[in-house]
Amino acid sequence: MKRRGTGTIAVEDVGSRVRLQAWVRRRRDLGGLIFLQLRDNSGVVQVVVRPDEQPEVAESLDAVRLEWVVDVEGVVERRSPENINPEMETGEVEVILDRAEVLSRSDPLPFAVEGEVDATEETRLRYRFLDLRRSELQSNLRLRHRVTMEILKHFDERGFVNVETPILTRSTPEGARDYLVPSRVHHGSLYALPQSPQLFKQILMVAGLDRYVQIARCFRDEDLRADRQPEFTQVDVEISFPTEDDIFELIESLFARIFPIVGIDPEVPFPRLTHEEAIRRFGTDRPDLRFEMEIGDLTDLLAESDFRAFRKAAEDGGVIRGINLPSAAKSSRRQIDEWAQVARAHGAAGVLTLKRIEGELEFQVKGVLSREELRTVADRLHMADGDLALLVAGPGGVASAALGSVRLKAAHQLDLIPADRHAFVWVTEFPLLEWDEGSQRWSACHHPFTTPDPRDLDRLETDPGSVRARAYDVVMNGIELGGGSIRIHDADLQQRAFAALGIGAEEARSRFGFLLDALRFGAPPHGGVALGLDRIVMVMAGASSIRDVIAFPKTTSATCLMTAAPSPVDEAQLSELGIALTDTGHPEDEGEVGKDLES
């Protein structure tokens, strides 16, 4: 007899004989009757054993406990009205068993796979095969599957070709450390796992493919957090002869297709903010536009005030900026101190308060600002009665970052973010380069292959920090979902970009010679985007971590607790690879002796 899914048994099956192979979800033994709830990925159904009528079935199931796997057969019966369970899809029926077999036993569970999770995340990851039985994670993985299928359909309908690019490649660092793989055939040489398919997809454009897409696995050896993993999946896209508008429309139409799966309907086209505008108005290049509370610039109003802290900040080339928290004038001193601590964590000296209570304006430092100055500040920040403004003085970047973080913290604490609202935005015109204090050189904000804005190209050598890039990010609710750029397609300009990064001609040839060669053989203008699939599904599922939408994730120390990876390998394997291990004794290795690779 063909197996049926437990969640598929319905009133229409009454009188029919069915076979079920599933896990035991619950057991009740009432003496004269034994009730089992069986579960598979289709749902749950109740089965009944009548020991007086089927003693051999009762004996077969006598020892059965939670999460044992059983194979049973029986006849579907309708439940009596008083026994209908409205909380179960199959609650109107049950299966009266006349055959049963135990297929697999289960040890006592380290945590329950039903209801609230009663285990630490470490325990859940150690027993990931049990954690994945939970309906929440099963639902997340099915959502991920559906989203992935819709993504591929979207690009297929638009003429894109799905191409797999190499996993074993050469090291071309893109801002994070590479994972390296030693070669058995070429001792002393190593492959790198790709941080992205960036260079390969550009070469596919040079090859004339025109439209490329890949659900790509990528690897970065970097510090982790809730939305990062050492191996991750991105929706990788590249097209030839594009404008930014082409890319934007492509992704907006994709999001308008996949987000309705979970009841989110993006309004297209998405608004656009330049990087400079996003920082100035919201203090971050990942602005959350679900609520107002924009940062206001008060420098022109207070630069010549009698308050020394404001005047000095302006004289030193800094700014005075503020943010208005609606209906927060009566916040406790403790709450205000918490917001001040958030600002200090981003480099600010603290915050100064301005309250509007019953029409009167009260500045934290008495007597240093005139009534007119207070009025103009309140007007600039659109303060209503009962509002609280927080002011910061200092370097522009510090003031923006501090107030941007306070903005988000306060919005959550004051419940200012509508639960049913979602806001998408494109952030454009990123800086091409940023100064790295550690290495004392310029580094690429996106990657070294991004086209400079033609309006700024003449300053690439003389004032590289002022050059904007044809780069863009797509942001939802303050979360970056992806980013991309129009690429450099001219070999000479690519050499200039390398030089601005301190990469000389010889080093560029050694590391990127294959790309430079390709750009000299009729490379079309091209550009694209990479979307974080893990992060998109995390947002759609309402999960707090991407680990909840990845089947087998790593911990924040990049380990797999289930398989105990990474792990030592035997000396024979190392010898075959031409590798010797030396002790380094890193104290951060939790008692383990650190190992370095030495070819």
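Relevant structure appears above.
The following refers to the structure shown. (Residues numbered from 1 in each chain as written. Predicted model: local features only at pLDDT ≥ 70, side-chain atom pairs only at ≥ 80, totals over all residues. Heavy atoms only, no water.)

Regarding the packing of helix α13 (residues 491–500) against helix α14 (residues 505–519)
The N-to-C vectors of α13 and α14 enclose an angle of 155 degrees; their axes lie 10 Å apart at closest approach. Taken together, the axes of α13 and α14 lie roughly antiparallel to each other. In this structure, the crossing between α13 and α14 has a hand that is right-handed. Within the contact between the two elements, α13 uses A491, Q494, Q495 and F498 and α14 uses A505, A508, F512, L515, L516 and L519. Residues of the contact of α13 with α14, tallied by class, amount to eight nonpolar, two polar and no charged. (Axes fitted to C-alpha atoms, helices over the stretch in contact; angles between N-to-C directions. Helix = DSSP H or I, 4+ residues; strand = E, 2+ residues; numbered from the N terminus. Parallel < 35°, antiparallel > 145°, perpendicular 65-115°, else oblique. Left-handed = near helix turned anticlockwise from the far one by under 90°. Contact = heavy atoms within 4.5 Å. Nonpolar A, V, L, I, M, F, W, Y, C, P; charged D, E, K, R; others polar.)

Some details on helix α6 (residues 244–258)
The terminal C-alpha atoms of α6, which comprises 15 residues, lie 21 Å apart, in line with the 21 Å expected from a rise of 1.5 Å per residue. Taken together, the buried positions of α6 are I247, F248, L250, I251, E252, S253, L254, F255 and I258. (Expected span 1.5 Å × (residues − 1). Buried < 20%, exposed > 50% of the residue type's maximum accessible area, 1.4 Å probe, protein only.)

Notes on the nonpolar core
Counting residues in hydrophobic clusters, the biggest one holds 38 residues, and the most contacted among them are F155, F255, F259, L481 and L531. Mapped by element, the contributors of at least two residues to this core are α4 (135–157), β11 (231–240), α6, β18 (424–428), β21 (471–476), β22 (479–486), β23 (526–532) and α15 (533–541). Of all the elements, α6 adds the most residues to this core, at seven residues. In this structure, F255 is in contact with P260, P266, F270, F424, V474, L481, L531 and I536, ignoring residues within four places of it in sequence. In terms of nonpolar packing, the next biggest core, distinct from the first, is built from 33 residues, V475, I503, F512 and L516 among them. (Core = buried A, V, L, I, M, F, W, Y, C linked by side-chain atoms within 4.5 Å.)

Thoughts on unusual backbone geometry
Cis geometry marks the peptide bond from V268 to P269, where omega comes out at -5 degrees. Relative to the elements of secondary structure, P269 occurs in the loop between α6 and β12 (272–274). Residue P566 is bonded to the preceding A565 through a cis peptide linkage, with omega at 0 degrees. Positioned with a positive phi, E358 is a non-glycine residue whose angle comes to about 50 degrees. Residue placement: E358 occurs in the loop between β15 (352–357) and β16 (360–363). With a phi angle near 65 degrees, A558 is a residue other than glycine that sits in the positive phi range. You can see A558 is positioned in the loop between α15 and α16 (571–577).

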